[in-house]
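Each chain is listed here by its residues.
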There are 4 protein chains.
Amino acid sequence: MARVTVWNEYRHERESEVVAEVYPDGIHAVVADALREGGHEVRTAILDEGPEHGLTEAVLDDTDVLVWWGHAAHDEVRDAVVDRVHERVLNGTGLIVLHSAHYSKIFKRLMGTSCSLKWREAAERERLWTIEPSHPIADGIGERIELDEAEMYGERFDVPAPDTLVFTSWFEGGEVFRSGCCYRRGRGKLFYFRPGHETYPIYHREDVQWILDNAVRWATPTEGAAAYGGNRPVDPPES
Amino acid sequence: MARVTVWNEYRHERESEVVAEVYPDGIHAVVADALREGGHEVRTAILDEGPEHGLTEAVLDDTDVLVWWGHAAHDEVRDAVVDRVHERVLNGTGLIVLHSAHYSKIFKRLMGTSCSLKWREAAERERLWTIEPSHPIADGIGERIELDEAEMYGERFDVPAPDTLVFTSWFEGGEVFRSGCCYRRGRGKLFYFRPGHETYPIYHREDVQWILDNAVRWATPTEGAAAYGGNRPVDPPES
Amino acid sequence: MARVTVWNEYRHERESEVVAEVYPDGIHAVVADALREGGHEVRTAILDEGPEHGLTEAVLDDTDVLVWWGHAAHDEVRDAVVDRVHERVLNGTGLIVLHSAHYSKIFKRLMGTSCSLKWREAAERERLWTIEPSHPIADGIGERIELDEAEMYGERFDVPAPDTLVFTSWFEGGEVFRSGCCYRRGRGKLFYFRPGHETYPIYHREDVQWILDNAVRWATPTEGAAAYGGNRPVDPPES
Amino acid sequence: MARVTVWNEYRHERESEVVAEVYPDGIHAVVADALREGGHEVRTAILDEGPEHGLTEAVLDDTDVLVWWGHAAHDEVRDAVVDRVHERVLNGTGLIVLHSAHYSKIFKRLMGTSCSLKWREAAERERLWTIEPSHPIADGIGERIELDEAEMYGERFDVPAPDTLVFTSWFEGGEVFRSGCCYRRGRGKLFYFRPGHETYPIYHREDVQWILDNAVRWATPTEGAAAYGGNRPVDPPES
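Residues numbered from 1 in each chain as written. Chains lettered and ligands numbered in written order. Predicted model: local features only at pLDDT ≥ 70, side-chain atom pairs only at ≥ 80, totals over all residues. Heavy atoms only, no water.

Asker: How do you make sense of the interface of chain C and chain B when you look at a structure like this?
Answerer: In many reports, interface size means the accessible area that the parts give up when they come together. Each side of the interface is counted separately: chain C has 34 residues, and chain B has 33 residues. Regarding the contact of chain C and chain B, the summed buried area is about 2600 Å², with carbon and sulfur atoms giving 54% of it. Sorting the residues of chain C by area buried against chain B places Trp119, Asn231 and Val234 of chain C first, and these three jointly supply 22% of that buried surface. Taken together, chain C and chain B are joined by 0 salt bridges. In this assembly, chain C and chain B are joined by 6 residue pairs in polar contact (both at pLDDT 80 or more). Taken together, the elements giving at least two residues each to the side of chain C that touches chain B come down to helix H5 (79-90), helix H6 (105-111), strand S5 (118-130) and strand S10 (232-233) of chain C. (Contact = heavy atoms within 4.5 Å. Buried area = accessible area lost by both parts, 1.4 Å probe. Salt bridge = Lys/Arg side-chain N within 4 Å of Asp/Glu carboxyl O. Polar contact = N/O pair within 3.5 Å; in protein donor to acceptor, adjacent residues only side chain to side chain. Helix = DSSP H or I, 4+ residues; strand = E, 2+ residues; numbered from the N terminus.)

As structure tokens, this is what we get:
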């Protein structure tokens, strides 16, 4: 069981009727409910929740894993909050980055690259193939999951080569994409998961929720990743 | 410029009229000609060239990079020759493993895994997407190459995660595959390249030949990978 | 809790009084006791336990993680048993390889390289530094552990680059060594752990036992790594 | 042959007599001379060379590989210049980061982590062991190089796991450090090389110069890493 904070930009859902039909209470509500069913202790936070976007030090003190969804308002996330989240991840807080959050400030900060990709909105078929069947995030998933209608994301995805590539997507229109990417940054674990989008009910799917639950468990910091490290002068070890 | 030996099982071409039409002098002849045009010094060897399959110590002494194609007769390659090639690769000789040679003794030996995969012969469209555009093997290739008719290979490809994943294939029928995989084993460099098959004229393609040429250059041992190492007792470095 | 089988060559302990003083009931007994205290269900097996070295199909059916120690009699392990263990690991059984077992048949088989290294027996000081503090195998360990007297193993260690490098050793005499190396092979997880040796009481140490317990937990197969895969023809996914 | 720009903070050399004795014309002058002898076309640039620190667009247009040394004035490098260099690296320009530049803005930006480490100034012995003897940066180096007097850098070095670990250092006082780390970021190649320091004549050494020359060759962009990519919508590939 992890203490999870699901963060959502939460703009599309309030501005578009099409999106509101799919996620009437916001994407965060659906993801949070799914993780609660998995036994986690879950809170949510949104962009418009005050100047800290709901991510106060107190909230982060109480967060093992942060789930992040954003799309249209990445730039409105204040740098001070990005700094704070960045520091937390380097100190062990897990981070699950969803779909269009590939372009969030926090993901780009942690990757050090442009995080650009190709895309197409054509409600096309996507198949996520399991590349590492024994990875905990693939636990229980089988050889693939299939989404009838998805936005396409295509390579070249400009990220560092993942420490572990768990899923790769196939798209009806002819592209492939590294859809499930694990990274270790500092003492934190980070998982980028491609499926999503505000106009498709993808986070309502049981298999997608299962993967998110696996990812939260995987990203939960171990107790022993105690705070040491830091830039500091040292004497020789006593011998 | 590298000294290259292109090894071919060379059975399909002599036994099947269909294959002979595509590769009248054998797959090895087409690959060797292409590499010669790239400026390399190329010889060929085949399974039925004596008890050492043409891979004598003298031939291997004169080989920087070995290209390997096999399919129907993997088991006829003698273990002593596999041992010899294995030792050469660990000591620096480059190895390019083509298509169905994923199931060759030498590739399985170097991977340590089953190297199994899924396949389908349906003359379907394949697109190889460049995942690492700055890798030397992708040099000059652009974002993808496209093969009109190919045999499908699908994940789960049971190999260790490649040191660098250069290409990933998309198949019309719905699968993906890690099609260009780099490995370092001992002091040798190894590249697995998926495209091929005896009934499609894939090795006649200019873009495929270009990739093979890039791969040979990449796999050529550096002069400085001097022979040290080995299991041996040592005194402390003189201080 | 995992079902663990600790396998030991168990020759030094019976042939050398010096070794017998350190490990009167064998290295396997000490390691097994330590893992039992961690809550695991542990059995042991030895080289001289019949033609299958105690590793029958029934024993392996009941094993989640296999711990392997060998040194002087690697060659006496029958190939049929190595084949069997190899297949098990590829299908998910965890494997912990200790110290001089770097030269065991099963480790060399899984690595595909020579696994050679340099060594020196000079009872010198070793420090294992934690390279990845947030890795589960480093959980609770802190920045280093220190062994007063150890056999030296030095680079170049001829193995594939580990998927994750958890520990690196420093030796008084001037060498370094990648001492804690994680690999995924097939659906199995493998951890090579350097410390050990038959003449030093290293497996009696609490910190070393803690790491072994962490490693067993990490290597335990997930339930969901269901048996799929294999080399097989397929039809296109139904669309 | 590459077009190289050696960038230096160039403060210590002008402010400290001790440093000026080791590097009277600056560290950049010594490194530049060494690379010129290797046949490269080399220019230098320094922090105090105008508001762009000598790294104008014109200079970068004419640069294949940028070498970076900084220590005391990382914060004085303007963010606009860091942005510019960052974009260049992601588009293919090679980057060699030396010693205390582990804490430069550009390195931290590309790594996404704190890049912190431990250090000690005790003029102690350092041995760099070659971990990957067949890597082009280790070409001609042999199993180790030895520095009589060096500043110690010790793990935990808070960087992402390198794509390839080429060298690991041993220090007399008891620490280890990943001293030669290769990364691919975007289309650029990056090499972090630990040895250095302003008060030791390390960049005057022939073996260190040899490694820098190897690193420049390795980091030089391939011609074919043509500018594609970018975040952009696409139509399906024509079929």
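Asker: Looking at this structure, how should I read the confidence of the model for chain A?
Answerer: Low-pLDDT portions of the prediction should not be read for the details of their coordinates. Per-residue pLDDT for chain A averages 94, and the proportion of residues at 70 or more is 96%. Interface confidence in the predicted complex, given as ipTM, is 0.95; pTM for the same model is 0.96. (pLDDT = per-residue confidence, 0-100.)

Asker: Just to check I follow, could you spell out the packing of aromatic side chains for this structure?
Answerer: Enumeration according to the criterion identifies 37 aromatic pairs over all chains in this entry. With 5.6 Å between their ring centres and 70 degrees between their planes, Tyr153 of chain C and Phe177 of chain C make a pair best called edge-to-face. Of this pair, Tyr153 of chain C sits in strand S6 (residues 144-154) while Phe177 of chain C sits in strand S8 (residues 176-185), and the two are 24 residues apart along the sequence. A single burial state applies to Tyr153 of chain C and to Phe177 of chain C, both of which are buried. Counting every residue linked through ring pairs, the aromatic cluster contains Phe107, Tyr153, Phe157, Phe177 and Tyr192 of chain A. Geometry around Tyr10 of chain B places Arg14 of chain B over its ring, the cationic atom sitting 4.9 Å from the centre. (Phe/Tyr/Trp six-rings, centres within 6.5 Å; stacked < 30°, edge-to-face > 60°. Buried < 20%, exposed > 50% of the residue type's maximum accessible area, 1.4 Å probe, protein only. Lys NZ or Arg CZ within 6 Å of the ring centre and 35° of its normal.)

Asker: Can you walk me through the state of the cysteines in this structure?
Answerer: By definition, a disulfide links the sulfur atoms of two cysteine residues through a covalent bond. What the rule picks out here adds up to 0 disulfides over all chains. Sulfur of Cys181 of chain A: no disulfide; nearest cysteine sulfur belongs to Cys182 of chain A and is 7.8 Å away. Between Cys115 of chain C, a cysteine without a disulfide, and Cys181 of chain C, which holds the nearest cysteine sulfur, the sulfur-to-sulfur distance is 10 Å. (Disulfide = S-S within 2.5 Å.)

Asker: It is not clear to me how the relation of the copies chain C and chain B should be interpreted in this structure. Could you clarify?
Answerer: Each of the two copies of the chain can be brought onto the other by a rotation about an axis and a shift along it. At an RMSD of 0.0 Å, chain C and chain B line up after a rotation of 180 degrees and a shift of 0.0 Å along the axis. In symmetry terms, the pair is related by a two-fold rotation axis. The position closest to the rotation axis in chain C is occupied by the C-alpha of Gly112 of chain C, lying 2.6 Å away. Comparing contact sets, 97% of the residues at the interface of chain C also lie at the interface in chain B, consistent with an isologous, same-surface contact. (Least-squares fit on C-alpha atoms with pLDDT ≥ 70 in both.)

Asker: Just to check I follow, could you spell out the pattern of salt bridges for this structure?
Answerer: Side chains carrying opposite charge are able to pair once their charged atoms draw close together. All chains considered together, the criterion is met by 110 salt bridges over all chains. Across the pair Glu57 of chain D and Arg84 of chain D runs a salt bridge whose closest N-O atoms are separated by 3.4 Å. Residue Glu57 of chain D is located in helix H4 (residues 57-61), and its partner Arg84 of chain D is located in helix H5 (residues 79-90); the two are separated by 27 residues in the primary sequence. According to the relative accessible area criterion, Arg84 of chain D is buried, its value standing at 17%. One salt bridge in this structure joins Arg125 of chain D and Glu146 of chain D, with 2.8 Å as the shortest N-O distance. On the criterion of sequence distance, the pair formed by Arg125 of chain D in strand S5 (residues 118-130) and Glu146 of chain D in strand S6 (residues 144-154) is long-range, its members being 21 residues apart. Pair check on accessibility: Arg125 of chain D and Glu146 of chain D agree, each one buried. Several salt bridges share partner residues, and in doing so they unite Arg125, Arg127, Glu143, Arg144, Glu146 and Asp148 of chain A together with Lys118 of chain B into one network.

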